Amino acid sequence: HDVIHLPDTKFTFDGVFGTFDRASAQRGFQVYKEVCSACHSMRQLSYRHLTGIGLNATQVQALASQFQVQDGPNDNGEMFERPARPSDRFRRPFANDAAARAANNGALPPDLSVMVKAREGGADYLHALLVGYEEPPPGVTVANGMHYNKYFPGHQIAMAAPLNTDGQVTYADGTKSTVDQMATDVTTFLAWAAEPELEQRRALGVRMVIFLTILGGLAYAVKRKVWANLH
Ligand code: HEM
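Caption draft 1: Examining the side chain of Thr184 more closely. For Thr184, the position within the fold is in helix H6 (residues 179-194). You can call Thr184 buried: its relative accessible area is 17%. At 3.3 Å, the side chain of Thr184 forms a polar contact with the side chain of His127.

Here it is, written out as structure tokens:
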């Protein structure tokens, strides 16, 4: 298909010195929880992982207990529901892929655990996709149950614009939840989920460059000294 130019969205985690904006990631989790999780699983995540975006143990405990998860079998061989614990995986919206497709017109909402790593363009693509819904250009017919999106490869996507109204979620910290803000926040959350160790990885890289620079300078000084009397 045609080459699609992604807008370069500014994220705090861009660049070698970038870090995740914890407040944004927390708002993004709220967007995931209230909007995306109706269709998308995040199988790699447990509630306890959310300490990584700045929730404390009490908050994680309270949050997990809002969800009912399947457990069992008990001593009578029965499955049962119980409130989730921090060690439980995120609750999945559908029992299996067939049920997910049945609820989505045949299309499968992919797991979002590592989505930011899975698509070319990463976070820029995700943000663009979420704000990229528009009327199809003249002459383009959109198939039944599909939606026109400027940035989706092929432009016809089975997912209707999930973020479509300013104020769709109410942020506890008072941030205005414009569509663009919600897209940035949920993308930040998903970028953190896909690579929670990004900050440590980069910090190690920076320390390594500093170390090698010093070591290189030292080696050069030694070389100058050792060879100083050679004419
Ligand atoms: C696909 C994100 C909400 C149903 C996708 C994709 C992403 C995504 C990244 C993959 C696009 C690609 O393949 O390149 C999100 C986010 C949401 C959200 C961040 C919340 C803000 C929803 C909701 C539904 C849904 C609420 C169901 C009502 C789907 C389906 C697909 C999809 C069916 C497959 C589309 C296709 O392959 O044509 N979503 N989604 N999504 N999503 Fe969502």
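Caption draft 2: Spatial organisation of the pattern of salt bridges. Taken as a whole and judged by the stated rule, the model has twelve salt bridges. Measuring nitrogen to oxygen at the nearest pair gives 4.0 Å for the salt bridge that ties Asp71 to Arg85. Taken together, the residues Asp71 in strand S1 (residues 68-71) and Arg85 in the loop between strand S2 (80-83) and helix H3 (97-103) connect sequence positions 14 residues apart. You can call Asp71 partly exposed: its relative accessible area is 23%. In this structure, the salt-bridge partner of Glu195 is Lys117, at a minimum N-O distance of 3.0 Å. Residue Glu195 is located in the loop between H6 and helix H7 (198-226), and its partner Lys117 is located in helix H4 (residues 115-118); the two are separated by 78 residues in the primary sequence. Taken together, the shared-partner salt bridges in this structure form one network comprising Asp71, Arg82, Arg85 and Asp88.

Caption draft 3: Geometry of the packing of helix H5 (residues 122-131) against H6. Relative to each other, H5 and H6 sit at 145 degrees, their axes nearing to 9 Å. For the pair H5 and H6, the sense of crossing is right-handed. Facing H5, whose interface residues are Ala123, Leu126, His127, Leu130 and Val131, H6 presents Val179, Asp180, Ala183, Thr184, Val186, Thr187 and Leu190. Split by residue class, the contact of H5 with H6 holds eight nonpolar, three polar and one charged.

Caption draft 4: A look at the site of the ligand. Neighbouring residues of the ligand: 22 residues in total, closest Cys36, Cys39, His40, Tyr125 and Met159. Between the ligand and Arg119, the relevant distance is 2.8 Å, taken from an oxygen atom to a side-chain nitrogen or oxygen of the residue. Interatomic distance of 2.5 Å between a side-chain N/O atom of Tyr125 and an oxygen atom of the ligand. It is H5 that provides the largest number of residues to the shell around the ligand, a total of four residues.

Caption draft 5: Region of interest: the confidence of the model for the protein. With 99% of its residues at a pLDDT of at least 70, the protein reaches an overall mean of 96. Predicted as a complex, the structure gets a pTM of 0.94 and an ipTM equal to 0.99.

Procedures and definitions
- Residues numbered from 1 in each chain as written.
- Predicted model: local features only at pLDDT ≥ 70, side-chain atom pairs only at ≥ 80, totals over all residues.
- Heavy atoms only, no water.
- Helix = DSSP H or I, 4+ residues; strand = E, 2+ residues; numbered from the N terminus.
- Buried < 20%, exposed > 50% of the residue type's maximum accessible area, 1.4 Å probe, protein only.
- Polar contact = N/O pair within 3.5 Å; in protein donor to acceptor, adjacent residues only side chain to side chain.
- Salt bridge = Lys/Arg side-chain N within 4 Å of Asp/Glu carboxyl O.
- Axes fitted to C-alpha atoms, helices over the stretch in contact; angles between N-to-C directions.
- Left-handed = near helix turned anticlockwise from the far one by under 90°.
- Contact = heavy atoms within 4.5 Å.
- Nonpolar A, V, L, I, M, F, W, Y, C, P; charged D, E, K, R; others polar.
- Near = heavy atom within 4 Å.
- pLDDT = per-residue confidence, 0-100.

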